[in-house]
Amino acid sequence: LIVSLVVYSRVKTGYTYWIAGALMGVGTTFAGSAMVGYLIHQWFEENVGSVLGVVVAASGMGSAVGSQVISPILYSGDPTGFRSAYGLTAVVVAIFAVVIIPLLRENRESKYLPKHAKETKGQPEEIADAETGCNNKILGIVIGVCVFLTALSIMGVNSIYISHMLDVGIDAKTVGTASGVLAVTLIGAKLLCGVLYDRFGLRTVLSICQTAAF
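Residues numbered from 1 in each chain as written. Predicted model: local features only at pLDDT ≥ 70, side-chain atom pairs only at ≥ 80, totals over all residues. Heavy atoms only, no water.

(A) Representation of the overall build of the protein in the model. Counting secondary structure elements, the protein contains 10 helices and 0 strands. Ordered by position from the N terminus, the helices and strands of the protein form the series α-α-α-α-α-α-α-α-α-α. Taking all 214 residues of the protein together, 17% fall into the buried category. Contacts spanning at least 24 positions in sequence make up 59% of the contacts within the protein whose residues lie at least 6 apart. With the model as given, the accessible surface of the protein reaches about 15,400 Å², and the carbon-plus-sulfur share is 69%. (Helix = DSSP H or I, 4+ residues; strand = E, 2+ residues; numbered from the N terminus. Buried < 20%, exposed > 50% of the residue type's maximum accessible area, 1.4 Å probe, protein only. Contact = heavy atoms within 4.5 Å. Areas by Shrake-Rupley, 256 points an atom, 1.4 Å probe, with all protein chains shown as cover.)

Pasting the structure below:
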């Protein structure tokens, strides 16, 4: 992630954008996907959803604060202002990497972490295990396809709407307010999702989120 930001701050040709983008994709998996959940499970066994909600809400807080810091640099009138913005972000990420990495914890026993199946003897157990494994693979594929299509539908728009609003002539103040509303809503929604998950389970939370997205 740090290397990606450094490359973005020095980018001059098209292919270097591709390189930076690929590195960004690899780097941001820690901040926004399974890695966060795994890290939380390593440290907590109670109210995991609420704790995870607080952690992921930090991304909304970071977006709200970061937009106020970075936007003046980007829109200062200097066409190369983005280089300074990426350079500053690289420094911030490097500092927090030093803080986060020592907190990593591996191979902790937890009832929430998958455990290796105990060895069993006898054909019925083996057949049951095989059927369960097959069903899990099918379910995993279905969920994966649905998540992909949801992201395809939403993130393609969500990732460019600020630039689009500016391009069609909407003033920067209004655009900033819109992005701020999104960031604040993200904070509240992620906190609420964690609490609702602990109390009502996954189906309820997913139904609410999918309905809101629709």
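Having seen the structure, we can now continue with the description.
(B) Spotlight on helix 1 (residues 2-10). For helix 1, every residue scored as buried is listed here: Ser4, Leu5, Tyr8 and Ser9. Each buried residue of helix 1 sits inside an arc of 135° when the element is viewed along its axis, so together they form one side. Turned more than 90 degrees from where helix 1 packs its buried face, Val3 and Arg10 sit exposed. Of the surrounding elements, those touching the buried residues of helix 1 are helix 2 (14-27) and helix 6 (81-100). (Arc of directions from axis to C-beta.)

(C) View of the packing of helix 5 (residues 48-74) against helix 9 (residues 172-200). Axis separation between helix 5 and helix 9 bottoms out at 7 Å; the angle between their running directions is 175°. In terms of orientation, helix 5 lies roughly antiparallel with respect to helix 9. Residues Val48, Gly49, Ser50, Gly53, Val54, Val56, Ala57, Ser59, Gly60, Met61, Ser63 and Ala64 of helix 5 touch helix 9, and the partners they reach there are Ala183, Leu186, Ile187, Lys190, Leu191, Gly194, Val195, Tyr197 and Asp198. A breakdown of the residues in the contact of helix 5 with helix 9 according to their chemical character gives 12 nonpolar, 7 polar and 2 charged. (Axes fitted to C-alpha atoms, helices over the stretch in contact; angles between N-to-C directions. Parallel < 35°, antiparallel > 145°, perpendicular 65-115°, else oblique. Nonpolar A, V, L, I, M, F, W, Y, C, P; charged D, E, K, R; others polar.)

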